[in-house]
Amino acid sequence: MEKFTVHTPGLVYLKANKSFSGDHKGMWYRLQCTGEALSVCVWPLPYCFDKTDDAQKTSAEFPFDAEGLEQAERWIEQQYESDPKRWAQNPFLPLAVPDADAPAESAEAPDADSPAAADDAPAPADTDAPPALSDDDAPPFDL
């Protein structure tokens, strides 16, 4: 099994933004600044923290310092590595959800005279655009 390593943005980011979340192969994780503590939680995909049942969440707290952040990152990694089958059974996030009311797309190519074919045609060149410059056209600067 490949080693999972958590990378977080650091204490300054967490202090300013209050939280950081990420995911890895079916497992969401979140680090949250709660005053002098660092609250960490993991839960299964596909739902966000607020929409996931609390019974599916596992949490821990660490001191809000460099050592606590390192401990939190290791704890998240241990949560994944201790039960990879739990996380693997969760669906990954889809890139796009099809609209159920949208008409199904035809596998056939559109006719050349159809509006769909016109939409796929390249746009005409912008005649008012300035010409592209090369490095030779750059003005000289004295430093």
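As shown above, the structure is provided for reference.
The rules behind these values
- Starting afresh in each chain, residues are numbered from 1 along the sequence in its written order.
- Local features are withheld for residues below a pLDDT of 70 in this predicted model, meaning they are given only at 70 or higher, and side-chain atom pairs are given and counted only at 80 or more; totals for whole chains, interfaces and linings count all residues.
- Each side-chain value is worked out from all heavy atoms of the structure, with water and hydrogens disregarded.
- Here a strand is any run of E in DSSP of at least two residues, a helix any run of H or I of at least four, and the numbering for each starts at the N terminus.
- A helix is expected to reach a length of 1.5 Å times the quantity of its residues less one.
- Throughout this description, buried means an accessible area under 20% of the type-specific maximum (1.4 Å probe, protein chains only), exposed means over 50%, and partly exposed covers the range between.
- Two residues qualify as a contact provided that any one of their heavy atoms is within 4.5 Å of a heavy atom in the partner residue.
- Here a polar contact is recorded for every N or O atom pair within 3.5 Å, except that within protein the pair must consist of a potential hydrogen donor and a potential acceptor, and residues adjacent in sequence are included only if both atoms are side-chain atoms.
- A carboxyl oxygen of Asp or Glu within 4 Å of a side-chain nitrogen of Lys or Arg is what we treat as a salt bridge.
- Being paired, for any two strands, means DSSP has found at least two bridges between them.
- Stacked, tilted and edge-to-face are the three classes assigned to paired rings of Phe, Tyr and Trp, where Trp is represented by its six-membered ring and a pair needs centres within 6.5 Å; plane angles under 30 degrees give stacked, over 60 edge-to-face, the rest tilted.
- Placement of a positive charge over a ring is assigned whenever Lys NZ or Arg CZ falls within 6 Å of the ring centre and within 35 degrees of the normal to the ring plane.
- Take the buried Ala, Val, Leu, Ile, Met, Phe, Trp, Tyr and Cys residues and link them wherever side-chain atoms come within 4.5 Å; each set so joined is a nonpolar core.

Engineer: An account of helix α2 (residues 66-82) is requested, with residue identities and associated values reported.
Structural biologist: The end-to-end C-alpha separation of α2 is 24 Å, in line with the 24 Å expected for 17 residues at 1.5 Å each. Residues G68, L69, A72, E73, W75, I76, E77, Q79 and Y80 constitute the buried set of α2. Those residues of α2 that are buried lie in contact with α1 (11-17), β1 (19-24), β2 (27-34), β3 (37-44), β4 (58-63) and α3 (84-88). For α2, the N-terminal capping position is held by D65, with its side-chain oxygen 3.3 Å away from the main-chain nitrogen of E67.

Engineer: A description of the pattern of salt bridges should follow, citing residues and the corresponding values.
Structural biologist: Throughout the structure, instances matching the rule amount to 3 salt bridges. As a salt-bridge pair, R74 and E73 come within 3.8 Å of each other at their nearest N and O atoms. With relative accessibility at 12%, the residue E73 sits in the buried group. Across the salt bridge formed by R74 and E77, the nearest N and O atoms sit 2.9 Å from each other. Of this pair, R74 and E77 both sit in helix α2, 3 residues apart, which is roughly one turn of that helix. In this structure, a network of salt bridges that share partners links the residues E73, R74 and E77.

Engineer: Lay out the pairing of β3 in plain terms, naming residues and giving numbers.
Structural biologist: With 8 of 8 residues buried, β3 lies mostly within the body of the structure. Residues of β3 alternate between two faces, with A37, S39, C41 and W43 on one and L38, V40, V42 and P44 on the opposite face, all of them buried. Across 8 bridges, β2 lies against β3 in antiparallel orientation. Considered in β3, the bridge of T34 is made with A37. Alignment of β3 against β4, held across 6 bridges, turns out to be antiparallel. Paired with V42 across the strands is T58, a residue of β4.

Engineer: Before we move on, can you summarise the packing of aromatic side chains with the specific residues and values?
Structural biologist: Scanning the model with the defined rule gives 6 aromatic pairs in all. Relative to Y80, the ring of F4 lies with its centre 5.5 Å away and its plane at 70°, an arrangement referred to as edge-to-face. In this pair, F4 is assigned in the segment before α1 and Y80 in helix α2, connecting sequence segments 76 residues apart. Its relative accessible area of 5% is what places F4 among the buried residues. Here Y80 falls in the buried class, since its relative accessible area comes to 7%. Aromatic ring contacts, followed pair by pair, group F4, Y29 and Y80 into a single cluster. Between R30 and the ring centre of F49, over which it is positioned, the NZ or CZ distance is 3.6 Å.

Engineer: Help me get a handle on the nonpolar core, residues and values and all.
Structural biologist: Counting residues in each nonpolar core, the largest one holds 19 residues, and the members touching the most others are M27, Y29, L31, L38, V40 and I76. Put simply, the parts of the chain that give this core at least two residues each are β2, β3, β4 and α2. Broken down by element, the residue count for this core peaks at 5 residues, all from α2. Once residues lying within four places of it in the same chain are set aside, the contact partners of I76 are F4, V6, M27, Y29, L31, V40 and V42.

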